[in-house]
Amino acid sequence: MIGVALKGLLGRKLRASLTAIAIVLGIAMVSGTYVLTDTIKAGFSGLFTTVYQGADAIVSGRSAIGGGDQNGPGLAPSFDETLLPRVRALPDVADAGGNVAYPTLLVGRNGKVMAAQAGGLGFGIDPKRADDAIDPLKLVSGRWPTNGTQIAIDVATSEKKNFAVGDMIGAVASGAAHRYRIAGIVKLGDASIGGTTLAVFDLATGQRIFHKQGKLDTIYVKSKSGVAPPKLISELRGILPPTAQVRSAAAQAKHDTDNTSSFTSIIQDFLLAFAGIALFVGSFVIANTLSITIAQRTREFATLRTLGATRRQVLRSVIVEALVIGFLASVVGLFAGLGLAKLLNQLFVALGIDLPKASTVFATRTIVVSLVLGTVVTLLASLRPAFRATRVEPIAAAREGALLPPSRLARFGLPFALVTSAAAIALLLFGALDSSATTKQRLLAIGGGVLILFFGVALLAPRLVTPLARVLGAAGARFGGTPGRLAQQNAMRAPSRTAATASALMIGLALVTVVAVLAAGLKSRFEGSVHALFHADYALTSQNGFIPTGIASANALAHAPGVEVVSSVRAGEAKVFGKRIGITGTDAQMPRVISIDWVPGSAHVPPFVSKDYAKKHGLHVGSPLTLQVPSGRTLRLTIRGIIDPPKGGSPFTDVTIPNAVFDRAYANPANLYSFIKMTGGVTSENTTRLNTALQRFPDAKVQTEGQFEKSQEQGITLLLNLLYVLLSLSIVVSLFGIVNTLILTVFERTRELGMLRAVGMTRRQVRNMIRYESVVTALIGAALGIPIGIGLGALVGHAIAYPAFTIPWGTIVVFVVAAVIAGLLAAIFPARRAGRLNVLEALQYE
Amino acid sequence: MQARDLVRRYGEGATAVEALRGISLEVQAGELVAVMGPSGSGKSTLMHILAGLDKPTSGTVTIAGEEITSLDDRKLTLLRRRHIGFVFQFFNLLPMLTAEENVLLPLSIAGTKPEQRWLDDLLSRTGIDNRRTHRPSELSGGQQQRVAIARSLVSRPTILFADEPTGNLDSRTGGEILDLLRESVDAYGQTTVMVTHEARAAAIADRVLFIADGLIVRELERATAQQVLDVMAGLDA
Ligand SMILES: Nc1ncnc2c1ncn2[C@@H]1O[C@H](COP(=O)(O)OP(=O)(O)OP(=O)(O)O)[C@@H](O)[C@H]1O
Ligand SMILES: [Mg+2]
């Protein structure tokens, strides 16, 4: 019997591969995600391992408030350079070298910064020590920079942007940009650093342009031979100031890797979620395809039963078939994942996320998870059709046109579908409306509710198909002539089949609609805030708009002609009420450029806190406020104002301190935004004046309110596009569902199509008939999915309490048009098959 | 095989149709019985019930000493494996299997192996010896029916049922199939019940049962085609 099942599979290769495609795509996404994130992880870990391989111990700055990254502005503080000679003087230390670091962007020949998204690293290193193996920077060609006019850059930039030793190149760190002569080409460790650029200076120059005179950020320590790392570490600990810490090279590599792997893990979970959605849609497609093929094989199962096959044997043969399909599809998907990983990476690079990579990592876990998951999903999806196959009575072998008996549960169909949908809606409402639950619980309830809702609606769908097809197929029936009318009727002929096919598409469309609704809500909220708050003429941000930029650019604008006010918002971290939070800084001029609401009694100056924060901690105007900053210093301030920011957010975090205080507390203050008011407002002369003043600050850009709004929204737009691309995978899976159903239908109606051709239907009409049916099915998917998506978008928006509820009509029209196009695409192959049928053969087809 | 007082009613109430209205019959081992009658007289219904594919509204069927109308699906399936063979009007071959694999299907379903000598003999007698590796799509209708007959004989069933085995074939091919059925009765002592429309087919039978309106109305032993035609003409009138 198993042999029969396998032979049958071979005999129906096309149908079997149709079933398999859904799984191939879903599993490719799973395996591609694993391959990509494993490769990135290996890239980071390889990078950090080679970075530290020359040293035995690493001394780095320590943030008094925890967390922090030595290269981030205003986070881990630097320590005094006098530590270096003391480290060298330790009995077990053979050698030690130090450096300073600060984010530094290279400036291209066009005067624009390179790698504004990926960012750049800058180092100042001691040239006397740079040749030895302790430091992670390795010279590839040329020489190390030895004075304030020289720089070394990374290999990739030199190759990609055509910069050679001896050329001039610009670099900008925390002050104005300068031009340097390239003395050498370097690399960091032995691994890829993704899209990040390197700028290396001699130590004194680094200290000067990073504003870290007399300071160091890292010391690489090499021990005398035979000294155990713990002994070295404890010796070093004895002389460290409180702002420094020491780790063994291995521990430091692991620490850095762990820091980045939490980030890659987020990417991994994020991508896996979409793989899960694609597989979920895929399980609908498989269940439907199998149901149809099994219905078509009713006679075959009946014949087997008359020949003595038991129900159990029939069940087993269908399940074995599913297992084989599932397994083979998983194998194909697994390897397709290798290609998809490359595509996903290109997608990320296109979005500005260019991460280090090792050679492709194909882990055992990837193989096991992909194969097991694909096989199990196929198996589960096959259970219902398989049980239906066992319901075939032997007598069906003797009847022509025997139909598959309805499943035993069929008569509970409607109540079950209603109960399922009601349960889903209850869960959704709980998630959206019960404000006593935590956001996580609420989102979980919504997530679960969505899954169940999709099931419920899919179960209800057979009853909705007929009225929907009547409405949605009306245009085709009206203008498409007989093919249009027949297509409409065909769509209604097997409602459960059309419903299952449309349901798969419904899921993808519902999810993209949710995304569109939320994004529109977020944008309208954000734009609302910008309109309310923005009282300036211009805003100044870093080139990418999100990372803070040195304060020198804003300071330079203060003296530009026509400038009345420049008020900046600094960003940093501090520990307040025992918790590490982001804080902001601003100055007394701020109300002249930002019109924010103040709680009565406020002086409109920092230090101020937000209304919610004040409520949470029982703060009033006049309350004391204590902050601990990364250097370990404690700031004691008195609250002078309380702001009531609009729902769409403000430039300020919960706690804002005066910039003067900020600049004393943070070694390297940086601005998130600066706002500028000029005599005459926004004019082209004023814009030119500002740009002239900014000539030496290519890392910063000046924008009008509209430009500012757009560039700040880029984050949302980027995320939105990413979500669309990832969700499109599940839509593609559901398109294959339509292709499957149509091809199987064409098989099934061979004799009928032959008859239609015999009585005079042209090939073209036959093809149109299939196309119309496909479009009607796709439109049913849209008619189910888009309203569900709008409803879910409203609920989720309510649960996360941020976005305004906005229906993006334009986008929805685009989705409907896309559904029609999708339907036409899905019909290409089936329509061609139907058109090519040989009339005589089709009429004799049994 | 024995059947007693078979009644089969389709539907309920006013629209109910009595396809069988009390049929009793007995088939001896090694006998070839033909069932004839006008269209809609209940021949197929009778066959399906005798073969355990359908259940009578009342009455009993006994095959190899076992009363089959009260058996559950599993027991019936096992009974079919051991005791019953089928030949359909539509050949019902599995398109993806070769002729030989189709023949062997009942054995492979039951998980047993064929006896090579028996198989060779069967295939040569049914005339598909040189078509063993062909697929149904590569066989003519007559050849397909030969495969179906070989398939029904391969497990040496106690009784073989054939519902209009020649219904889909031209008269020459049909004649060959009838010869084959007769031969299987003579050579293997295969007990056979065959439903047919054709007088010629009935003429090869040891006994012909005539059914009209769900009742056995006549019975002829070793009738000629002409005798059968005469009876049929009387029934139609
Ligand atoms: N599944 C069914 N439901 C309702 N009535 C049925 C069913 N099957 C058969 N009948 C009725 O039972 C009667 C006998 O049908 P049956 O198929 O046994 O006739 P038959 O003698 O085989 O006819 P034919 O020579 O045309 O094949 C007919 O009146 C038919 O309409
Ligand atoms: Mg009949």
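Within each chain, residues carry numbers counting from 1 in the order of the written sequence. Written order determines the labels here, with chains lettered from A and ligands numbered from 1. Only residues with pLDDT of at least 70 are given local features in this predicted model, and only at 80 or more are side-chain atom pairs given and counted; all residues enter the totals for whole chains, interfaces and linings. Hydrogen atoms and water are omitted, and side-chain values are computed over all heavy atoms in the structure.

Asks: What should I look at first to understand the sheet that holds strand β9 (residues 207-212) of chain B in this one?
Replies: Through backbone hydrogen bonds, the strands of a sheet pair up, either in parallel or in antiparallel fashion. Residues and elements named next belong to chain B. The strand order β6-β7-β8-β3-β9-β10 describes an open sheet built from 6 strands, whose pairing is mixed. On the outer flanks of this sheet lie β6 (84-87) and β10 (215-221), each paired with one strand and no other. Here the average twist between neighbouring strands, direction ignored, is 20 degrees. Taken together, the 5 bridges between strand β7 (residues 159-163) and strand β8 (residues 191-195) define a ladder with parallel strand orientation. Note that in β8 the partner of D163 across the bridge is V195. It only takes one pair of heavy atoms within 4.5 Å for two residues to be counted as in contact. Angles run from 0 to 180 degrees between N-to-C directions of axes, and those axes are lines fitted to C-alpha atoms, restricted for helices to the stretch in contact. Secondary structure elements follow DSSP: runs of H or I no shorter than four residues count as helices, runs of E no shorter than two count as strands, and numbering proceeds from the N terminus. Against the sheet, helix α8 (residues 225-236) engages β3 (32-36), β9 and β10, with an angle of about 10 degrees to β9. Here the rule is simple: two strands pair whenever DSSP picks up at least two bridges between them.

Asks: Is there a simple way to explain the domain arrangement of chain A in this structure?
Replies: One frequently used descriptor of interface size is the decrease in accessible area upon assembly of the parts. For the domain bounds, the source is a domain assignment made automatically or taken from a database. Here chain A is partitioned into domain 1 (1-52 + 263-408), domain 2 (63-242), domain 3 (460-533 + 707-846) and domain 4 (544-698). Measuring from the centre of the C-alpha atoms in domain 2 of chain A to the corresponding centre in domain 3 of chain A gives 55 Å.

Asks: Looking at this structure, how should I read the sheet that holds strand β1 (residues 2-10) of chain B?
Replies: All names here are of chain B. Taking strand neighbours across the sheet as the criterion, the 4 strands line up as β2-β1-β4-β5 in an open arrangement whose pairing is antiparallel. The sheet is open, and its two borders are formed by β2 (17-26) and β5 (66-67), each paired with just one other strand. Two elements, β1 and strand β4 (residues 58-63), share 4 bridges in a ladder whose sense is antiparallel. Paired with A3 across the strands is V61, a residue of β4.

Asks: Could you clarify how one ought to interpret the site of ligand 1 in this entry?
Replies: Being near a molecule or strand, for a residue, means having at least one of its heavy atoms within 4 Å of it. Close contacts around ligand 1 come from 13 residues, with S39, G40, K43, S44 and T45 of chain B the closest. With respect to ligand 1, its neighbouring residues span chains A and B. Pairs of N or O atoms are called polar contacts if they sit within 3.5 Å, as long as, within protein, a hydrogen donor faces a hydrogen acceptor (for residues adjacent in sequence, only side-chain-to-side-chain pairs). Within the backbone of G40 of chain B, an N or O atom sits 2.8 Å from an oxygen atom of ligand 1. H197 of chain B places a polar side-chain atom, nitrogen or oxygen, 3.3 Å from an oxygen atom of ligand 1. Here the open area of atoms and residues is found with the Shrake-Rupley method and a 1.4 Å probe, where only the protein chains shown may cover a residue. Its free accessible area being 630 Å², ligand 1 has 62% of it covered by the protein chains. Sorting elements by how many residues they give to the shell around ligand 1 places helix α1 (residues 43-50) of chain B first, with 3 residues. Put simply, Ala, Val, Leu, Ile, Met, Phe, Trp, Tyr, Cys and Pro go in the nonpolar bin, Asp, Glu, Lys and Arg in the charged bin, and everything else, Gly too, in the polar bin. For the shell around ligand 1, the residue count by class is 3 nonpolar, 7 polar and 3 charged.

Asks: Is there a simple way to explain helix α2 (residues 73-83) of chain B in this structure?
Replies: Note that an α-helix has 3.6 residues per turn; residues three or four places apart therefore point the same way. Burial classes: relative accessible area under 20% of the type maximum marks a residue as buried, over 50% as exposed, and values in between as partly exposed (1.4 Å probe, protein chains only). Every buried residue of α2 of chain B is accounted for by L76, T77, L79, R80, R81 and H83 of chain B. Structurally, the start of α2 of chain B carries an N-cap: the backbone nitrogen of K75 of chain B is 2.9 Å from a side-chain oxygen of D72 of chain B.

Asks: When you look at a nonpolar patch on the surface in this model, what are you seeing that I'm missing?
Replies: Residue and element names in this part refer to chain A. Patch membership requires over 30% relative accessible area and the absence of a salt bridge. Like charges are linked within 9 Å, and nonpolar side chains (Val, Leu, Ile, Met, Phe, Trp, Tyr) within 5 Å. By definition here, a salt bridge exists when the distance from a side-chain nitrogen of Lys or Arg to a carboxyl oxygen of Asp or Glu is within 4 Å. Residues V368, V372, V376, L380, L383 and F387 make up a contiguous nonpolar surface patch of roughly 510 Å² in combined accessible area. Checked against the element boundaries, V372 lands in helix α10 (residues 364-390). Judged by its relative accessible area of 47%, V372 falls in the partly exposed class.

Asks: I'm lost on the pattern of salt bridges in this one. Help?
Replies: Side chains carrying opposite charge are able to pair once their charged atoms draw close together. Residues and elements named next belong to chain A. Here the structure, examined in full by the defined rule, presents 29 salt bridges over all chains. One salt bridge connects R297 with E300, and the closest N-O pair in it is separated by 3.6 Å. Looking at R297, the relative accessible area reads 6%, which means it is buried. For E300, a relative accessible area of 11% gives the class buried. A salt bridge links E773 to R749; the shortest N-O distance between them is 3.3 Å. Here R749 lies in the loop between α20 (705-748) and α21 (750-758) and E773 lies in helix α22 (residues 763-800), a separation of 24 residues in the sequence. Its relative accessible area of 6% is what places E773 among the buried residues.

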